[in-house]
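Residue strings, one per chain:
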Amino acid sequence: RYVMEANGNIRTLTINKASLADDAAYECVVGDDKCFTEVFVKEPPVTITKLMDDYHVVVGERVEFEVEVSEEGAHVMWFFEDIELHKDKDSSKYRFKKDGKKHTLIIQEAMLDDIGMYHAWTNGGHTKGELEVEEKQLEVLQDIADLTVKATDQAVFKCEVSDDKVTGKWFKDGVEVLPSNRIKMTHVGRFHRLIIDDVKPEDAGDYTFIPDGYALSLSAKLNFLEIKIDYVPRQDPPKIHLDTTGNMVSQNTIIVVAGNKLRLDVEITGEPAPTVVWSKGDQPITNNEGRVRVETKKDLSCFIIEGAQREDEGNYTIVVTNPAGEDKAVLFVKIVGKWECCICWRRCLHLDHPFFNFKHFSGKPAASTTLSELWSACVPSKSLFLSPSAPTSEPMRLTVHDVTDSTCSLKWLTPEKIGAGGLDGYVIEYCKEGDTEWVVANNELCERQGYVVRGLPVGEKVNFRVVAVNIAGRSPPAVMSQPVTIREIMEHPKIRLPRELRTYIKKVGEKINLTIPFQGKPRPVATWFKDGQPIDPKTVNVRNSNVDSILFIRSAEREHSGKYELVLKIENMEDRATIEIRVVEKPGPPRKVRVTDVWGFNAALEWDPPTDDGNCEITGYTIQKADLKTKEWFTVYEHNRRPHCTASDLIIGNEYVFRVYSENLCGLSDDACQSKNSAVIAKTSLVGKQVPYKEKDMACVPKFTQPLVDRSVVAGYSTAISCAVKGFPRPKIIWMKNKMIIGEDPKYLMQNNQGVLTLNIRKPSPFDGGKYSCMAVNDLGEDVVECKLDVRVPTAEEKK
């Protein structure tokens, strides 16, 4: 992979197929002279190969923003406006899915507050999509009807709405109806019912159903019927009232252009309400959904064909029945395709031709002599109905998605009406403002609802339009309401600083490599500062691209510590982000280790903190002892948080010296500080001269000679707090947490060694933090000391 070449005075080193292992410093040495350079190798940028689409949904619908990237396993950051989106265990609002190169952001149920711009970022690309959410329109499929009910009968108000999830309330004369033994309310699917059993005169009135969340109400009357003996229910035979205007070219024939919609509203009368049945041939039409369907409304039967097709042609029958009789009508639906015409005429008075009710010609009609004579002798009552397969309607909502100095990205929606001819694609055209000549931007039909027009003149104002094309030709154009100025759209600079980089800790000698993504148009100017001053390029390397800025230090030193600020500017706009970089190392040794007291088998030690803490908190001390006979060192304490301790269980007759190491997150100091003086554990005197014994009054009130000290510990690591007390008679010791006496809790171990009191806390959690106090009590009085214990969650570095 390494090729070294000499060409005259030029020496060349070529590295083929660079990998992350090649990220290093390289030197070229010639005799006593040398030069060097840094080679930076970063992960190849992950580009976005499939951009995010816009979404237009109604409240409650599911949204899936999907992108594809160039590499599997790539990291994609999702944002809503300026807020980074994360998976929240307490909420199921957002879901994130990865499938190879495909990444998806899922919004389970879109709400109005989800409206806005969504972004997907990789280390080498960015895409965005807009979400529009509108209130769901509720359609009334069946209104409630007036009721006339006699005493003790049941009254049922029923309505049907288009959404089976919609709830609602019932009201009588403006007062909400509450359920009782006689009154029940049901909601099954799209149907809502109010059922009143054993109807009484006071039940009469105006009843209203109001769906929750909609400015809509359905009302009907309940009439109470007093029974009369001579009452005879009214019966009217059913009647079909067929409108012969509009699409009908004769009394029973309807012409529909292929691809268009047919809606036929037929008025029905009769008492009681008739039953309506539509049929095609002998086959009843029972669908109330789908392309061919029947919808029933009050006093109307609606027959609908969406996007008429050739197979829809034929005879349709409507039959209405009730106990009083039956009515029937037959309709012939004619589907007209490409270049078809339908001609009707009446018998001529002057020519002896047979009477033609209807004749159908397909393709280009051939004018026979009979037809020519007939046509010349007749005056058509209507103009000739001639329709090819029609072009689509114009594309919808043409908008500008992005603009640069030479390109314009357009987006639009499919035409509202497509028809039988289908849709082959789109033609995108543009012209300069003031010109009349439109230039075609795409050589081939564009099949997507988006296109990037390239090679546009910088700074010019340009008009755009998009035309849909099918077999019948071009649709009317969708035209931008105003010209677009071809220059980079100004986008406010924004730094995307990952949360984990707010404080950045590295050890001396380690590599610092920070990649900070940002956005903004035109390309922002990125500048780094350290402690308010521009960084020194000799000590810190910076590389900027269109989408990120990289700060790189090959080998970190203590002097690299400080507050680094990235300033992103576009003209008079800017954004700033601050990172605290701390380069740490092992601390120096403690200072002035000394023996301050010796009693019994114990020695009290004190020392001063180190001058150099290694640029981070001192987490503890390690204390060792050695007797002057063997001079072997043994550890007394590890991770001792305070700058003093008591060494116990020393051997009588020995003389001891002590040394102490400092400790931080990098480890123990390389050197220790040894005590200047020693601790002599004296032997008991041999038989001596008897002296008269005079009993000394030893009684004294309890007094703490060493207080408790505030501490901050890491959760999960056992710890201890200590103090020392004197007093006679021997005082009783009481440990308390938050002024509550600590009982026989196995988490705590209380020790009293020659007046040195220790409370060991086993693996504390954040809940074990608080105020701890120690009380010593005897007959002469009492004394108390207290401290604050803070239990913090370990950082990632501490976990390592």
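Quantities reported herein were computed from a predicted structural model and do not represent experimental measurements.

Caption draft 1: Looking closely at the confidence of the model for the protein. Looking at the protein as a whole, its pLDDT mean stands at 84, while 90% of the residues score no less than 70. Considering only residues more than four positions removed or in separate chains, one finds that residues 349–364, a stretch of pLDDT under 50, has 26 contacts.

Caption draft 2: Examining the sheet that holds strand β7 (residues 63–69) more closely. Reading across from one edge, β5-β7-β11-β10 is the order of the four strands in this open sheet, with antiparallel pairing throughout. Unpaired on one side and paired on the other, β5 (48–50) and β10 (94–99) mark the two borders of the sheet. Strand after strand, the sheet turns through a mean of 30 degrees between neighbouring axes, direction not considered. Relative to strand β11 (residues 102–107), β7 runs antiparallel, the two being bridged by six bridges. Among the inter-strand pairings, E68 is bridged to a residue of β11, identified as K102.

Caption draft 3: Highlighting the pattern of salt bridges. Counting across every chain of the model gives 38 salt bridges. Here D23 and R554 are joined by a salt bridge, their closest N and O atoms 2.5 Å apart. One end of the pair, D23, is in the loop between β2 (10–15) and β3 (24–30); the other, R554, is in the loop between β51 (548–553) and β52 (562–570), with 531 residues separating them in the sequence. For E313, the salt bridge goes to R310, with nearest N and O atoms at 3.9 Å. Residue E313 is classed as partly exposed on the basis of its relative accessible area, which comes to 25%.

Caption draft 4: Seen up close, the sheet that holds strand β50 (residues 541–544). One open sheet holds the four strands; their spatial order is β45-β47-β51-β50, and the pairing between them is antiparallel. The open sheet has two edge strands, β45 (491–495) and β50, and neither has a second partner. Adjacent strand axes in the sheet meet at a mean angle of 15 degrees when their direction is disregarded. Bridging between β50 and β51 involves four bridges; their strand directions are antiparallel. In the sheet register, R543 faces β51, and the bridge partner there is I550.

Caption draft 5: Layout of the packing of aromatic side chains. Applying the stated criterion across every chain yields a total of twelve aromatic pairs. One aromatic cluster in this structure is built from Y55, F65, F80 and Y118. The aromatic ring of W438 is capped on one face by R465, whose charged end is 4.2 Å from the ring centroid.

Caption draft 6: Structural view of the environment of Y504. If you trace the backbone, Y504 turns up in strand β46 (residues 503–507). Here Y504 falls in the buried class, since its relative accessible area comes to 13%. Look past the residues within four positions of Y504 in its chain and what remains in contact with it is K511, I512, N513, L514, I579, E580, I581 and R582.

Calculation rules
Residues numbered from 1 in each chain as written. Predicted model: local features only at pLDDT ≥ 70, side-chain atom pairs only at ≥ 80, totals over all residues. Heavy atoms only, no water. pLDDT = per-residue confidence, 0-100. Contact = heavy atoms within 4.5 Å. Pairing = 2+ DSSP bridges. Helix = DSSP H or I, 4+ residues; strand = E, 2+ residues; numbered from the N terminus. Axes fitted to C-alpha atoms, helices over the stretch in contact; angles between N-to-C directions. Salt bridge = Lys/Arg side-chain N within 4 Å of Asp/Glu carboxyl O. Buried < 20%, exposed > 50% of the residue type's maximum accessible area, 1.4 Å probe, protein only. Phe/Tyr/Trp six-rings, centres within 6.5 Å; stacked < 30°, edge-to-face > 60°. Lys NZ or Arg CZ within 6 Å of the ring centre and 35° of its normal.

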